[in-house]
Amino acid sequence: GLTVPPDAGAVSAAELRERVGQHLVFSIGRGATAARLADWRLALSYAIRDRIVVPWFQTAERINAADRKRVYYLSMEFLIGRLLDDAVANLGLESAAREAMAGLGVDYDALVRDEPDAALGNGGLGRLAACFLDSMSAVGVAGLGYGIRYDHGLFRQSFEAGWQAEEAEDWLAQPHPWEFERPEASFPIGFGGSVGPGAGDAGAWHPAETVIAVAYDTPVPGWQGRWVNTLRLWSAKPTREFELQAFNRGDFLGAATPAVLAETISRVLYPDDSTPQGRELRLKQEYFFTAASIRDILQRFERRHGDLAALPDKVAIQLNDTHPAIAGPELIRLLVDERGLAFDAAFDIARGCLHYTNHTLLPEALERWPAELLGRVLPCHLEIVERIDARHARESAAAGRPSDDGTAILGDGEVRMGTLAFVAARRVNGVSALHTRLMQETVFGGLHALHPERIVNQTNGVTPRRWLHGCNPPLRALLQEAIGDGWVADLDRLEALVPLADDAAFRERFAAAKRANKVRLAPWLAEQAGIELAPETLLDVQIKRFHEYKRQLLNLLETVALWNAMRQAPEVDWTPRVKVFGGKAAPGYRMAKLIIKLINDVARTVNDDPAVRGRLQVAFPPNYNVSMAERLIPAADLSEQISTAGLEASGTGNMKLALNGALTVGTLDGANVEIRDRVGEENIFIFGLTAEEVARRRAEGYAPAACIAASPRLAEAVEQIASGRFSPDEPERFRAIVEDLRGHDRFLVCADFEAYWQRQRAIDAAWRDRAAWTRSAVLNVARCGWFSSDRAIRGYAKEIWNAETEF
Ligand SMILES: CCc1ccc([C@H](C)CC(=O)N[C@@H]2O[C@H](CO)[C@@H](O)[C@H](O)[C@H]2O)cc1
């Protein structure tokens, strides 16, 4: 039988092999001969999980014993990726696992690759939440993540004749070994209906429909397994599984409908990462997980504390953007309607617990729910929002603010969720220094004037476990040798590499590690994108969601111009490049999907062109996700961070690529500015208009056609696209792109083209001096320790949550 192992401490390969064998037989019910790769993966996952549950219990006991302040991270998205290899690494069991599986005749790496990504997020916001969970466990914050257990995560992307095609993702088609269903942790969640009078300030809500939120818990082991927090994801279940009467009447659909409708709430992740569709189901998803989480938080608090006024001392809630912003009204509703507090007292307690992170300034990405819709789905909450807005108006007037300063929550028949989140929060933060400053100067200007102490900055970070230790074995080994492995838990220790940047032998080893990653990547890139990656080729990557402000189009135009230049001057000793694009477009985002098609059409033309063979290739592997990022990032030489200045709140891919020794070509946008500040002007390739210059160009009236006319190589590239050079079968295919570029160019692609072209030619030259290039690469790694999500979480704990860290 299975005995509970003592703790996460070291385990021998033999013992691990023993346990894997036991799980295969007793947990999966398979003999070794009949076992498939997935069975072995499950068996190993259970064996590793066994070593996490006791430290998990112990962490909960320590938190309770010390009555630690708890931090709750509410997010609609957790872009986790694969879990097995990360858990093995965090427990320090990699060599034991490899040896154990080899002893069973199974290839550990094949096992790892067999696991589906948990793609419960769109991009930056979701991945940040996953990095933050890892760091909260690594530094020992009493943290818990709350989200939705989507049956289907972010869609699987494929290309049909170069066009993006989407199909449902199905991560739960296989057993998911890392979660525990918690039927006892479930709550009824209401929607619609009406609100009757209640005692005092209270209202009595009578929902029209109810679903059950059921918890699924995933342990989140920290580095060395010393601390294990929880990710609690809610799944929607019907109050009644099955309408027997309808079934007996032969109305089979009717019998199943209520259950299907209920489960629809946690069925699928909305694939938009910039423009809210304003769908009722999305609002229900936001309320569903937020309400279940707030109830769970209150219940856990009240198990140990009687005085609700102490809630802000024991509970910090972080809202990951506005998606859980209904948390404020929901907490107030429970305190007033169910605990009998007065409105103002409830408001103060709620605000004392709530903190809001803004991740975008794009006007179209800020959530505004029609008051009619909110009132219909959440009648009680609309009333509370109105009371919060009235109180805010009083506070604003008392501060002498003009009543029409645009800081009202309700206006034009809409509820502005960003304003609601701001007004009902103790702290509001941006995710990079530039972004936070722009929040204060633009979108939140009026509110900042009213509450000048409320907005603070917490620049993003990434976990060094997954994004360096885990994904880059060659560099990890070199670091181990050169500076030990203290950096994994204390990334600032990378600074010790600075002197080694001037050590030719070390540089050689460093370049060899990068080369090894490129050699490892080459066969996969050939299979996925049909290109040949020679190790001495400059690997230039732009990997992120598709959005016009991220300017994949600028990269594409430079690629076309380079192709033209190579064809026009074949005698020149051009620096060989492989351009890699990776990323998905929201299914409804037509322009982004057209740009994806254009890149694939240009790639076909360039890759088939003998005139530039071995000099320029374009690769676009389909279905970019966390696991693909872990493959591409260690091999990259050049990191494209070329957004229109002022529009990328931070970026986190930029940090991952720099930490893995890629040099950055980018604008002074988001965290690029802080990367430049830390690595030094001479170790990064900055170009383009600053955020101020962008604002000025737009204010003055920007004419892209003039920029095109002033740049023959840009004009040529645009004309080729317009005339079907890359789409002879449909010359007009890219008319929309060309017309927008010539007519509007909202993201100033044309204005920044020449500067970008010049910078890229300088990069060609820089690549030729490998010693200097490698020296810069070493300095990028050495000086990017600050971009660890451990540093970010320590900042949140100290400056926002006022919560302890254990380590
Ligand atoms: C409602 C539709 C929707 C969904 C998601 C979002 C996210 C806020 C978009 C997002 O992922 N933003 C990115 O967040 C990262 C983490 O802070 C930043 O590094 C990126 O710059 C930012 O674009 C906006 C709108």
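Residues numbered from 1 in each chain as written. Predicted model: local features only at pLDDT ≥ 70, side-chain atom pairs only at ≥ 80, totals over all residues. Heavy atoms only, no water.

**Q** Explanation requested: the UniProt feature "modified residue: N6-(pyridoxal phosphate)lysine" (unreviewed entry) in the protein in the structure shown.
**A** The UniProt entry lists K656 under the feature "modified residue: N6-(pyridoxal phosphate)lysine" (unreviewed entry), expressed in the numbering used here. Tracing the sequence through the fold places K656 in helix 24 (residues 653-659). In contact with K656, not counting residues within four places along its chain, are R127, V462, W467 and I633. (UniProt positions renumbered as here; feature names shortened; annotations may be inferred. Helix = DSSP H or I, 4+ residues; strand = E, 2+ residues; numbered from the N terminus. Contact = heavy atoms within 4.5 Å.)

**Q** Could you clarify how one ought to interpret the sheet that holds strand 17 (residues 427-430) in this entry?
**A** Hydrogen bonds between backbone atoms are what pair the strands of a sheet, whose relative direction is either parallel or antiparallel. One open sheet holds the 9 strands; their spatial order is 7-10-11-4-1-12-13-17-18, and the pairing between them is mixed. Each of the sheet's edge strands pairs with one partner strand only, and the pair in question is strand 7 (180-191) and strand 18 (455-457). Strand-to-strand, the axes of this sheet are offset by a mean angle of 25°, without reference to chain direction. Here strand 7 pairs with strand 10 (residues 209-221) via 9 bridges, running antiparallel. (Pairing = 2+ DSSP bridges. Axes fitted to C-alpha atoms, helices over the stretch in contact; angles between N-to-C directions.)

**Q** Which parts of the structure should I look at to understand the packing of aromatic side chains?
**A** How two aromatic rings sit relative to each other is given by the distance of their centres and the angle of their planes. Scanning the model with the defined rule gives 24 aromatic pairs in all. Aromatic side chains Y73 and F132 sit 5.9 Å apart centroid to centroid with 80° between the ring planes, which places their arrangement in the edge-to-face category. One end of the pair, Y73, is in strand 1 (residues 70-74); the other, F132, is in helix 6 (residues 124-139), with 59 residues separating them in the sequence. With respect to class, Y73 is no different from F132; both count as buried. Put simply, the rings of Y72, Y146, F187 and W234 pair up and form one aromatic cluster. Positioned over the ring face of Y216 is R149, at 3.9 Å from the centre of the ring. Lying over the aromatic face of F191, K284 brings its terminal NZ or CZ to 5.3 Å of the ring centre. (Phe/Tyr/Trp six-rings, centres within 6.5 Å; stacked < 30°, edge-to-face > 60°. Buried < 20%, exposed > 50% of the residue type's maximum accessible area, 1.4 Å probe, protein only. Lys NZ or Arg CZ within 6 Å of the ring centre and 35° of its normal.)

**Q** Please explain the environment of N358 as it appears in this structure.
**A** Structurally, N358 is set in the loop between strand 13 (354-357) and strand 14 (368-370). Here N358 falls in the buried class, since its relative accessible area comes to 0%. As for N358 and N429, which are separated by 71 residues in sequence, their C-alpha atoms are 6.3 Å apart. Separated by 3.1 Å, the side chains of N358 and Y356 make a polar contact. At a separation of 2.9 Å, a polar atom in the side chain of N358 contacts the side chain of H435. (Polar contact = N/O pair within 3.5 Å; in protein donor to acceptor, adjacent residues only side chain to side chain.)

**Q** How do you make sense of the site of the ligand when you look at a structure like this?
**A** Around the ligand there are 18 residues in total, and H359, N460, E648, S650 and G651 lie nearest to it. A distance of 2.6 Å is found between an oxygen atom of the ligand and a side-chain nitrogen or oxygen belonging to H359. One of the backbone N or O atoms of A649 is found 3.3 Å from an oxygen atom in the ligand. Residue composition of the shell around the ligand, by class: 6 nonpolar, 7 polar and 5 charged. (Near = heavy atom within 4 Å. Nonpolar A, V, L, I, M, F, W, Y, C, P; charged D, E, K, R; others polar.)

**Q** Sorry if this is basic, but what is going on with the layout of surface pockets here?
**A** Empty space among the atoms becomes visible once a probe the size of a water molecule is rolled across them. Space inside the largest pocket adds up to approximately 1,100 Å³. Of all the secondary structure elements, the ones that give two or more residues to the lining of the largest pocket are helix 3 (84-90), helix 4 (94-103), helix 5 (108-114), strand 5 (156-160), helix 18 (464-470), helix 19 (473-483), helix 20 (504-529) and helix 23 (626-632). By residue class, the composition of the lining of the largest pocket is 16 nonpolar, 8 polar and 20 charged. When residues of the lining of the largest pocket are sorted by domain, at least three fall in each of domain 2 (67-82 + 117-460 + 793-801) and domain 3 (464-786). By volume, the second largest pocket is sized at about 610 Å³. Lining the second largest pocket are 24 residues, and of these A60, R70, L144, T230 and R300 sit closest to its centre. Elements with a minimum of two residues in the lining of the second largest pocket: helix 2 (37-65), strand 1, strand 4 (143-148), strand 7, strand 11 (228-238) and helix 9 (280-302). Looking at the lining of the second largest pocket, the element that brings in the most residues is helix 2, giving 6 residues. Split into classes, the residues belonging to the lining of the second largest pocket amount to 9 nonpolar, 6 polar and 9 charged. Of the domains in this structure, domain 1 (1-66 + 100-109) and domain 2 (67-82 + 117-460 + 793-801) are the two that each give at least three residues to the lining of the second largest pocket. (1 Å grid on protein atoms, 1.4 Å probe; cavity = no way out; pocket = protein on both sides within 12 Å on 5 of 7 lines; lining within 4 Å. Points joined across faces, edges and corners; volume = space filled by probe spheres on them. Domains from an automatic or database assignment.)

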